[in-house]
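Observations on the model geometry
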Amino acid sequence: MTTATAPDPVRAPAATAPRTFSGIQPSGVAHLGNDLGAIRNYVKLQDEYDAIYCIVDYHALTSTHDPDVLRARTGDMAASLLALGLDPDKCTLFVQSHRPEHTELAWLLATVTPVSWLERTPTYKEKRESQPDDINHGLLTYPVLQAADIIIYKATLVPVGRDQAAHLELSREIVRAFNNRYGETFPEPRAVFTDAPTVLGTDGVRKMSKSLGNTIDVLSEPDVIRKQVMSMVTDTQRILRTDPGRPEVCSVCQLQRFFGPDFEELWDGERTARTGCVDMKRVLADRIVRHYAPARERYLELQANPKLVDEVLSAGANRLAPLAADTIAEVRQKMGLR
Ligand code: AQP
């Protein structure tokens, strides 16, 4: 996005380009894992595809129950995505609940989805552990709504991080189940990954994730980013400054791949102990701060102008209305609803 202007609300999605879709939770401001694992692909694909991106607030209701928090986080995520390169003249960005047809389709798909498929989903199992007092029905049926999000627009390509692979597989199974019962209706969507499908968090072991508190918040102030990078766990076997480092197991070294062509030279410095972990973190922090400075500036501009963000989101939802209506009409007819 070069200038922050609202798109033409009457522009219809390109009819001929193949379609890509992805959803992102309104969990606040995007972090490094979101960007390297998914958003970079969103930005790339908007040039070649009829690209549709959705902030999935219905999904967020399974864990976020404070209305003000949800509203604020939805705005923060929209501003993050626009700041990180989504261009409303090239793609469609909208909020899931602004196209309520997603939930109708989810119900219809639920009737072809065995409960056993949902119970074995890794995310469901994780959520049962992480929010034992709130195992709501939405957590179980989350993947059905996710399938509906994608196939209501008959998207074929879904840019996501590796953690979403199992959900995508389930979407494909749901498509097959529907097509088998009611005739060929939906294409099977395929996941597409970046070259960083799983970005580890600052703890160096688990996936970078807001709920784990191990993120690098690339749109935050430089001092916050520096502090987060300096807290990163590196090669745990490198005890002394003079010990040779192992870049292949050090997440700081691994992240250098994405912030400069000279990462092999930096790795060489580690292997030969010419440089230490702290040196490497300083280099990485500087590079991340520099790389994301323009996006941070755009983010602050958008935060100061929420009306503009709202216009982009509502134009996106309006643009998708005919596509969603067509799919619902086709499905209703095929399933025998009058
Ligand atoms: N660490 C990651 N590495 C690679 N890809 C990632 N994604 C998320 N984390 C990583 C990808 O980003 C997209 C949006 O993810 P989401 O909808 O799960 O959003 P989030 O809440 O911002 O992600 P978190 O922080 O990972 O959430 P929680 O804390 O709920 O677990 C997806 O394509 C995802 O794969």
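Attention here is on the structure that accompanies the text. (Residues numbered from 1 in each chain as written. Predicted model: local features only at pLDDT ≥ 70, side-chain atom pairs only at ≥ 80, totals over all residues. Heavy atoms only, no water.)

1. Observations regarding the packing of helix α7 (residues 137–151) against helix α8 (residues 165–182)
Applied cut-off: The angle between two axes is taken between their N-to-C directions and runs from 0 to 180 degrees, where each axis is a line fitted to C-alpha atoms and a helix contributes only its stretch in contact. Strands are runs of DSSP state E lasting at least 2 residues, helices are runs of H or I lasting at least 4, and numbering of each runs from the N terminus. Under this scheme an angle from 65 to 115 degrees is roughly perpendicular, one under 35 degrees roughly parallel, and one over 145 degrees roughly antiparallel; angles in between are oblique. Residues are treated as being in contact if the distance between any of their heavy atoms lies within 4.5 Å.
With their axes 9 Å apart at the nearest point, α7 and α8 run at an angle of 75 degrees to one another. Taken as axis vectors, α7 and α8 run roughly perpendicular relative to one another. Counted together, Tyr-142, Pro-143, Val-144, Gln-146, Ala-147, Ile-150 and Ile-151 of α7 and His-167, Leu-168, Leu-170, Ser-171, Ile-174 and Val-175 of α8 form the full contact between these two elements.

2. With respect to the pattern of salt bridges
Opposite charge on two side chains permits pairing when their charged atoms draw close. Let me state the cut-off plainly: In what follows, salt bridge is the name for a side-chain nitrogen of Lys or Arg lying within 4 Å of a carboxyl oxygen of Asp or Glu. Accessible area is worked out with a 1.4 Å probe on protein chains only. A residue is then buried under 20% of its type maximum, exposed over 50%, and partly exposed in between.
The final tally for this structure, using the stated rule, is 22 salt bridges. The salt bridge partner of Arg-71 is Asp-68, with a shortest N-O separation of 3.2 Å. Placement of the pair is Arg-71 and Asp-68 together in helix α3 (residues 67–83), with a separation of 3 residues, close to one helical turn. Like Asp-68, Arg-71 is exposed. Across the pair Arg-226 and Asp-286 runs a salt bridge whose closest N-O atoms are separated by 2.5 Å. Placement of the pair is Arg-226 in helix α9 (residues 222–230) and Asp-286 in helix α12 (residues 277–303), with a sequence separation of 60 residues. The class of Arg-226 is partly exposed, set by a relative accessible area of 31%. When salt bridges with common partners are traced through the structure, they connect Glu-169, Arg-172, Arg-176 and Glu-188 into a single cluster.

3. Describing the site of the ligand
The line we're drawing: Think of it this way: one heavy atom of a residue within 4 Å of a molecule or strand is enough to make that residue near it. The term polar contact refers here to a pair of N or O atoms within 3.5 Å; inside protein, the definition further demands a hydrogen-donor-capable atom paired with an acceptor-capable atom, and it admits residues adjacent in sequence only when both atoms are side-chain atoms. For the accessible areas, the method is Shrake-Rupley and the probe is 1.4 Å, while residue cover comes only from the protein chains on display.
Taken together, 21 residues sit near the ligand, with Asp-163, Lys-207, Ser-209, Lys-210 and Ser-211 positioned nearest. Residue Ser-27 places a side-chain N or O atom 2.9 Å away from an oxygen atom belonging to the ligand. A distance of 2.7 Å separates an oxygen atom of the ligand from a polar atom in the side chain of Lys-207. For the ligand, whose unbound accessible area comes to 660 Å², protein coverage reaches 92%.

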